[in-house]
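Here is what each chain is made of, one letter per residue.
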Amino acid sequence: MKKKGTILLISGPSGAGKSSMIKELEKEIKDIYFSVSVTTRAKRDGEKEGIDYHFVSKDEFEKDIKDGYFLEWAKVHDNYYGTSLKHTIQAIDEGKLVVFDIDVQGFLQARKKLDDLITSVFITTPSAKELKSRLLKRATDSKETIQKRVQNAYNELALAHEYDYFIVNDILKNAKKELLSIAMASRAKTSSINLDNFIKEWSQLDIK
Ligand code: ADP
Ligand code: 5GP
């Protein structure tokens, strides 16, 4: 049965474990499309163009804003981040589960435009101390950047009540299971299914 396109929108502080959890979804769900954002932030060691992000200059990003390229965009920790409108619409038309990893400002913009299609999830660590410790261990950002990210986490957490679901990523294995359950439940919503088509096909296969 072909599903309608839907959006699983994930937010949470940088370092909460969003990317680690999304990787699991990509292994388990077939018709998934991870929305690769555009950013002006510097590429981290191990990140790949077109896989983790599309890395562009500030001028290119500002031109894309003017050209109406983005479904939503925001400035996060002094860098621009944005989601392509065209690629999102294409994936929705193909009936995919479209996954966004975007900040709370982006969530509020996307919700204004595509509320009916969105299931939203906020992910965080058990504490600020644990967030800082994970960012230090990940060792991809300077001490100053880490300080900024932890500070920003307080502002983001204050908006967590706007989301449909809330996950504390304490034990990664358990948190991955929780996210997978939410993703699967979002795909089983009646609003995600072409019920009229299903009923028509179902009736044609009448045993009489
Ligand atoms: P985000 O995408 O939210 O910025 P990452 O997935 O990059 O976060 O995770 C941040 C760091 O924390 C990574 O080094 C990752 O391996 C680690 N991590 C993720 N989940 C857990 C967990 N439950 N316990 C301990 N470390 C974790
Ligand atoms: P990072 O630099 O750690 O990859 O991401 C920093 C923050 O930017 C995270 O909160 C992440 O969710 C957010 N982010 C990533 N892509 C987008 C996007 O396309 N739009 C918005 N609004 N935020 C994004």
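You'll find the structure just up there.
Quantities reported herein were computed from a predicted structural model and do not represent experimental measurements. (Residues numbered from 1 in each chain as written. Chains lettered and ligands numbered in written order. Predicted model: local features only at pLDDT ≥ 70, side-chain atom pairs only at ≥ 80, totals over all residues. Heavy atoms only, no water.)

**Here we look at the sheet that holds strand β6 (residues 79-84)**
Taken together, 4 strands build an open sheet; the order of strands is β4-β3-β6-β5 and the sheet is mixed. Of all strands in the sheet, those with a lone pairing partner are β4 (54-55) and β5 (70-76), marking the two edges. With 2 bridges joining them, strand β3 (residues 38-39) and β6 adopt antiparallel strand pairing. Along β6, the bridge assignment pairs T39 with Y81. (Pairing = 2+ DSSP bridges. Helix = DSSP H or I, 4+ residues; strand = E, 2+ residues; numbered from the N terminus.)

**Regarding the pairing of β6**
With respect to burial, β6 is a largely interior element, 6 of its 6 residues being buried. Residues N79, Y81 and T83 line one face of β6 and the alternating positions Y80, G82 and S84 line the opposite face, and both faces are buried. With 6 bridges connecting them, β5 and β6 associate as antiparallel partners. Along β6, the bridge assignment pairs V76 with N79. Linking β5 back to β6 in an antiparallel pair, the connection comprises 2 residues, with H77 at a positive phi of about 45 degrees. (Buried < 20%, exposed > 50% of the residue type's maximum accessible area, 1.4 Å probe, protein only.)

**Focus: the packing of helix α1 (residues 18-28) against helix α7 (residues 172-187)**
Two quantities define a packed helix pair, namely the angle between the axes and the distance from one axis to the other. Packing of α1 against α7 brings their axes to within 9 Å, and their N-to-C directions diverge by 55 degrees. In this view, α1 runs oblique relative to α7, as classed from their interaxial angle. As for the relative orientation of α1 and α7, their crossing is right-handed in sense. Along the contact surface, α1 presents S20, M21, E24, L25 and E28, while α7 presents L172, A175, K176, L179, L180 and A183. (Axes fitted to C-alpha atoms, helices over the stretch in contact; angles between N-to-C directions. Parallel < 35°, antiparallel > 145°, perpendicular 65-115°, else oblique. Left-handed = near helix turned anticlockwise from the far one by under 90°. Contact = heavy atoms within 4.5 Å.)

Purely geometric stuff here, so don't read any function into it on its own.
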